[in-house]
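# Structural characterization, general
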Amino acid sequence: MINYKPLKQNFYKRDTLTVAKELLGKIIVKFEKEKILTGIIVETEAYTGNNDPASHSYPGITERNRVMFEEGGKIYVYFVYGNHFCFNIVTESKGFGSAVLIRAIEPVEGIDIMKKRRPKAKVIYELTNGPGKFCSAFGINRKYNGYDLTSGSIILTNGKTDADIIISPRIGIEKGNNLLYRFFIRDNKFVSRHKNNKYTTLLRKGI
DNA sequence: TATTCGATGTGCT
DNA sequence: GCACATCGAATAC
């Protein structure tokens with residue numbers, strides 16, 4: 001088994017849009033009892049502390065969004081639509097109120113476990129091509145809220161960085177639709193499907 | 001294949 | 001009481 005080296009906290013304590021973009025291609029690793037789950041991050045969304053009306057942090061600190069205001073490198077998990085969890089990575093400095101939502105990953109290790117947790121998935125990409133699906137496949141729930149990504153049972157590590165990326169409006173929100181805060185890897189079949197691709201912009205990663 | 005819609009729990013007004 | 005960073009079944013074509 002590979003000895004994964006966690007990204008350090010200074011990776012997360014930067015501008016949220018930069019972190020959201022650079023998270024593409026990174027590997028998420030979850031250590032379970034005698035098992036390991038890994039996957040490549042292929043789709044993210046930024047939720048900033050800069051006058052972003054769609055961000056949970058927008059109204060200020062509450063019991064739910066408290067972790068968003070902590071220092072970059074923490075996990076923010078919340079429950080949504082009565083059924084699903086969403087996994088976010090807190091960014092920037094303490095008090096800032098910002099995070100990146102992980103919307104989709106490409107499974108690498110532990111696919112047998114993911115299939116057991118998502119028996120309805122007919123093809124591999126249905127295991128993790130959406131924020132709720134990813135959390136279900138990885139067994140992520142509210143107990144991970146507030147976890148430290150640099151020293152716990154979930155870490156990120158370096159992966160590929162040479163793919164093209166696409167920027168678009170965020171999915172499933174009403175407010176802040178004008179902001180191009182969604183990032184995903186071009187032509188990757190694990191990206192969550194959605195209708196409007198007409199506002200997307202193509203960029204080469206690293207610019 | 002594309003679009004609509006119901007289920008569901010919790011945070012916040 | 002209502003909105004909600006979703007999913008998947010049902011419906012319409």
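Read on for a plain summary of the structure. (Residues numbered from 1 in each chain as written. Chains lettered and ligands numbered in written order. Predicted model: local features only at pLDDT ≥ 70, side-chain atom pairs only at ≥ 80, totals over all residues. Heavy atoms only, no water.)

## Looking at the protein's contact with DNA strand B
- Taken together, Thr62, Arg64, Phe79, Tyr81, Gly82, Asn83 and Arg142 make up the full set of residues near DNA strand B.
- Sugar plus phosphate, as a fraction of atoms of DNA strand B within 4 Å of the protein: 67%.
- Within the backbone of Tyr81, a nitrogen or oxygen atom sits 2.2 Å from a base oxygen of DNA strand B.
- Measuring from a base oxygen of DNA strand B, one finds a side-chain N or O atom of Asn83 at 3.1 Å.
- For the surface near DNA strand B, the class distribution of residues is 2 nonpolar, 3 polar and 2 charged. (Near = heavy atom within 4 Å. Polar contact = N/O pair within 3.5 Å; in protein donor to acceptor, adjacent residues only side chain to side chain. Nonpolar A, V, L, I, M, F, W, Y, C, P; charged D, E, K, R; others polar.)

## Thoughts on helix 4 (residues 131-138)
- In terms of residue burial, helix 4 counts as a mostly covered element, since 6 of its 8 residues are buried.
- Within the span of helix 4, buried status applies to Pro131, Gly132, Phe134, Cys135, Ala137 and Phe138.
- Where the residues of helix 4 are buried, they touch strand 1 (27-32), strand 2 (35-47), strand 4 (84-90), strand 5 (99-109) and helix 3 (111-117).
- Backbone geometry just after helix 4 places Gly139 at a positive phi near 65 degrees. (Buried < 20%, exposed > 50% of the residue type's maximum accessible area, 1.4 Å probe, protein only. Helix = DSSP H or I, 4+ residues; strand = E, 2+ residues; numbered from the N terminus. Contact = heavy atoms within 4.5 Å.)

## Here's the deal with the pairing of strand 2
- For strand 2, a buried count of 12 out of 13 residues is recorded, marking the element as mostly surrounded by other parts of the structure.
- Both strand 1 and strand 2 contribute to a ladder of 6 bridges, which runs antiparallel. When the sheet's bridge partners are listed, Phe31 is paired in strand 2 with Ile36.
- Sheet analysis places strand 2 next to strand 5, joined by 9 bridges and oriented antiparallel. (Pairing = 2+ DSSP bridges.)

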